[in-house]
Amino acid sequence: MTNSNENIKVSQKKNRKLILHFDQHNTIQVACTLPGRNITVEEGVNHFLTTAVWGKEEGNKWIWLSEKPDKNKPPNQPSAITYFKYLEKKLVGTPNDRAELKKKTCRFVYEEPGNRYRYFFNLYLESLTYPRKIEKNDEINWTNHDSYGSKLPPNTIPAGDPSNNFLYHLILPEFFDMIRRLQRENREFAIVLRTMGIDSQSFLDTVRPVFEGKHPDFHDIKPIEINPNIGQIQRFDDDRISLTMDDHIYDNEKMIYEKLSSLRGINAIRDDFVYWQKNKYECYAAKPLWINLNDIHHHHIIFDDNIRLDSYDDCIVNIRLLNSSDIRKFVNVHFNSYKYFKTTSILQPNLVELLNPDIKLNSNTNHYLSMIENAEKCYEDLLKEKRKYFFDIKDISENNKVPIHIKYSDNIDKINRNESDEDKNHSYFCGVI
């Protein structure tokens, strides 16, 4: 009987459509090929390292706490910050100052104090190296172009250093391998690029030849529909959100959720950077992710390197949870309640692992897919326990601006027995949230 129940659970998970939202930089790639915003692969690896090494400021002195890169804060070091955050705090007073910040982070290991991490820079650069030797008469289908006008294989870029003749992966091969594995499992899924910048068209142009079978390492990947219409999320001061996509404006969150759940293939959406910046980069103004625990047919997951649960201004996702007392609306979840979704829906990929061949998972597994599989297990558990999560209806402001605390109890019936009839009807909405 147990085996039968387990098989049913697995089947339920496998039948649930995955909507996989991906950030771009330091999530599936480290370099940038946009004109005017170009970041070479060497600069990208340098920048990434500044976000993965930790220290603290004592007086006016920087004290290192990391011997090697790690996506997680060192234990028992509450004041630890990444070197990137330290530089950002030190250098950036206005948006124009970010050019100096970029200059510093992109040269990190070439000078003090970053040269102590030169070994990891070389290691990560090696892992991004395109493995095939390009011969003059190679029959590879050339599609990309470098600044000198020569053609490159799909998803590759030349080194920034003219003396370096190697080619490098632009989007991490692990991303395409994840898609190939999902195809082999006959999973229903959609990919949604979620970026604050103007990278969307470049992303679509890069992945297109790969899904046309023109990449030698992914010739067996199945063709995927690529949506050329880039969506745009707009946020307003009264907490309203709209999505413009495919020549239509979706101006309430229920409609947005249904639209995103209906997507197929590869898609791209630009989030509202101006609103996020205006609100001092706090999570409540960041990339919205809609979660509906009453929907057993869809599972939304977002991957982003800037998902951190240490501080509300260091997390780039805004969780919006279906309000079952008014199924037209989603509530704005308080940052302290994000912990309930950190393994099910908001995932921070470990680029330290993805870029380090010494600790990377073996070839029989895929980093992104392993995270998805774990998220599905945790999501299944969350759905089974959803009647134990609740929130106080009195906390919901008229315009939904005030974030709502999600609460958990092993015994909702006991809570209800202890509440007055008025509180039962007006204070708590228990059961399915």
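Residues numbered from 1 in each chain as written. Predicted model: local features only at pLDDT ≥ 70, side-chain atom pairs only at ≥ 80, totals over all residues. Heavy atoms only, no water.

Engineer: How would you sum up the confidence of the model for the chain? Please name residues and give values.
Structural biologist: Put simply, the chain has an average pLDDT of 85, and 82% of its residues get 70 or more. Under a pLDDT of 50 for its full length, residues 419-433 has, in the predicted model, 42 contacts with residues more than four places off or in other chains. (pLDDT = per-residue confidence, 0-100. Contact = heavy atoms within 4.5 Å.)

Engineer: Account for the packing of aromatic side chains, with residues named and values stated.
Structural biologist: The full count for this structure, using the stated rule, is 26 aromatic pairs. Relative to F176, the ring of F175 lies with its centre 5.5 Å away and its plane at 75°, an arrangement referred to as edge-to-face. F176 sits in the buried class, given a relative accessible area of 0%. Through pairs of rings, three or more aromatic residues link up here, namely F22, F175, F176, F203, F211, F218, F303 and Y368. The ring of F236 is capped by R240, whose NZ or CZ atom sits 4.2 Å from the centre of that ring. (Phe/Tyr/Trp six-rings, centres within 6.5 Å; stacked < 30°, edge-to-face > 60°. Buried < 20%, exposed > 50% of the residue type's maximum accessible area, 1.4 Å probe, protein only. Lys NZ or Arg CZ within 6 Å of the ring centre and 35° of its normal.)

Engineer: I'd like to hear about the sheet that holds strand β11 (residues 241-245), residue by residue, with values.
Structural biologist: Ordered in space as β12-β11-β10-β13-β9-β1-β15-β18, the 8 strands form an open sheet in which the pairing is mixed. Sheet topology places β12 (248-250) and β18 (346-347) at the edges, where each strand pairs with a single neighbour. In this sheet, β12 lies alongside β11 in antiparallel orientation, the contact comprising 3 bridges. Bridging across to β12, L243 finds its partner in Y250. Packed on one face of the sheet, helix α7 (residues 200-211) meets β9 (189-195) and β13 (265-270) and runs near 170° to β13. (Pairing = 2+ DSSP bridges. Helix = DSSP H or I, 4+ residues; strand = E, 2+ residues; numbered from the N terminus. Axes fitted to C-alpha atoms, helices over the stretch in contact; angles between N-to-C directions.)

Engineer: Tell me about the pairing of strand β2 (residues 54-58), and name the residues and values.
Structural biologist: Of the strand pairs in this sheet, β2 and strand β4 (residues 81-82) are connected by 2 bridges, and their pairing is antiparallel. Note on β4: the bridge partner recorded for W54 is T82. As paired elements, β2 and strand β3 (residues 61-64) share 4 bridges and run antiparallel to each other. Residue pairing in the sheet places E57 in a bridge with W62 of β3. What sits between the antiparallel neighbours β2 and β3 is a turn of 2 residues, in which G59 has the positive phi angle 65°.

Engineer: Give me the nonpolar core: which residues, what numbers.
Structural biologist: In a soluble, globular protein the nonpolar side chains are often hidden away together inside. Within the largest apolar cluster, 65 residues are counted, with the highest numbers of intra-cluster contacts made by L20, F175, M178, I179 and I266. Setting aside chain neighbours within four positions, we find M178 in contact with L20, F22, I191, N366, Y368, L369 and I372. By size, the runner-up hydrophobic cluster in this structure holds 30 residues, among which are A285, I291, I316 and F391. (Core = buried A, V, L, I, M, F, W, Y, C linked by side-chain atoms within 4.5 Å.)

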